[in-house]
Amino acid sequence: MRFTFVTLFPQLIEGYFSASILGRAIEEEKLSIDFRNPREYTKDKFNRVDAPMIGGGAGMLMTPQPLMDTLDTLKATSPDAHIIFLTPVAKRFTQNDAKRLAKKSHIVLVSGRYEGIDERVIEAQADEVFSIGDYILTGGELASMVLCDAISRNVEGVLGNSESLQVESFEAPLLEAPSFTKPTVYEENAVVSEFLKGNHSKITDLKRGLALCKTKYFRPDLYKKGITDEK
Ligand code: SAM
């Protein structure tokens, strides 16, 4: 699967995908990542990509031409490219979106900067728009990386053990049960003794009970949905 980041600051993103699980997936060609910088497409004689807002308002906006040309050039060589703009005003990105988007062959993630992007570009080019939460970041790069990371985990072959996806939080749609590792006793705190006895069906039941408790405590909204879905 291919991801293209459209950003004025590719250097903010590059390092994140050079190590760990996603770095390995890139090495093994399960994922590929490339960048397009709208500044390289600007026709402005001073290389500008931003301008003051028409009608007034504080700050600058990204102008249409560099972004339109960047995206049109991309689409000319990749007609299946699915273009996503990151913006705080959109609906919140969820795990279900991550799973659905993992089936696409090419995703383009467009990051805004300054006070954002001229709305005409979004209207003309966006297949989807997403926010990562109700707060304002200085640019879309972090949000793009969040989407890319969450989607990539669901691409076949990226995680060493795909079973781990099935018990992760937001499946079922409960949170994952509390997890423990060695040592079995740490500073007088022992792990739940049933986990040590090797009875897998009892462990599964226990984990389910603990997942329900955790979800009820931290995310009563999900708990209610999980119980309703089961009926
Ligand atoms: N003036 C805009 C507003 O009030 O809606 C905020 C612009 S923000 C400073 C600059 C860029 O950061 C946006 O164009 C978007 O790409 C990105 N961004 C900021 N917060 C975001 C969020 N919560 N989710 C996704 N992208 C975000």
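Scope of this entry: the structure provided in the associated data block. (Residues numbered from 1 in each chain as written. Predicted model: local features only at pLDDT ≥ 70, side-chain atom pairs only at ≥ 80, totals over all residues. Heavy atoms only, no water.)

1. Re the side chain of R113
Part 1: With respect to the secondary-structure elements, R113 resides in the loop between β6 (106-110) and α5 (119-125).
Part 2: Engagement of the side chain of R113 in a polar contact is seen with the side chain of E141, the distance being 2.9 Å. (Helix = DSSP H or I, 4+ residues; strand = E, 2+ residues; numbered from the N terminus. Polar contact = N/O pair within 3.5 Å; in protein donor to acceptor, adjacent residues only side chain to side chain.)

2. Observations regarding the packing of aromatic side chains
Part 1: Under the defined criterion, the tally for this structure stands at 6 aromatic pairs.
Part 2: Taking 5.6 Å as the distance between ring centres and 20 degrees as the angle between the ring planes, the aromatic pair formed by F5 and F35 counts as stacked. Here F5, found in strand β1 (residues 2-6), pairs with F35, found in strand β2 (residues 32-36); they are 30 residues apart in sequence, far enough to count as distant.
Part 3: According to the relative accessible area criterion, F5 is buried, its value standing at 0%. (Phe/Tyr/Trp six-rings, centres within 6.5 Å; stacked < 30°, edge-to-face > 60°. Buried < 20%, exposed > 50% of the residue type's maximum accessible area, 1.4 Å probe, protein only.)

3. Focus: the pattern of salt bridges
Part 1: The final tally for this structure, using the stated rule, is 14 salt bridges.
Part 2: Among the ionic contacts, a cluster of salt bridges with common partners joins R2, D34 and R36. (Salt bridge = Lys/Arg side-chain N within 4 Å of Asp/Glu carboxyl O.)

4. Concerning the site of the ligand
Part 1: Taken together, the neighbourhood of the ligand is formed by 19 residues, with L86, G112, E115, G133 and Y135 sitting nearest.
Part 2: Side-chain polar atom of E115 to a nitrogen atom of the ligand: 2.9 Å apart, as the coordinates give it.
Part 3: A distance of 2.9 Å is found between a nitrogen atom of the ligand and a backbone nitrogen or oxygen belonging to Y135.
Part 4: When the ligand sits alone it has 590 Å² of accessible area, and the protein chains cover 84% of it. (Near = heavy atom within 4 Å. Areas by Shrake-Rupley, 256 points an atom, 1.4 Å probe, with all protein chains shown as cover.)

5. Here we look at the environment of E115
Part 1: When you line up the elements, E115 lands in the loop between β6 and α5.
Part 2: Spatially, the C-alpha atoms of E115 and T4 are 22 Å apart, while their sequence positions differ by 111 residues.

6. Quick notes on the nonpolar core
Part 1: By size, the foremost hydrophobic cluster in this structure holds 25 residues, and its most contacted members are F3, L31, F93, I107, L109, L147 and I151.
Part 2: Those elements that place two or more of their residues in this core are β1, α2 (20-27), β5 (82-86), α4 (95-101), β6 and α6 (141-152).
Part 3: A per-element tally of this core places α6 first, with 6 residues.
Part 4: For L147, the residues in contact, after removing those within four places along its chain, are I84, L86, F93, L109, F130 and I132.
Part 5: Ranked by size, the runner-up nonpolar core spans 15 residues in total, among them M62, F85, V121 and I122. (Core = buried A, V, L, I, M, F, W, Y, C linked by side-chain atoms within 4.5 Å. Contact = heavy atoms within 4.5 Å.)

Keep in mind these values describe shape, not function.
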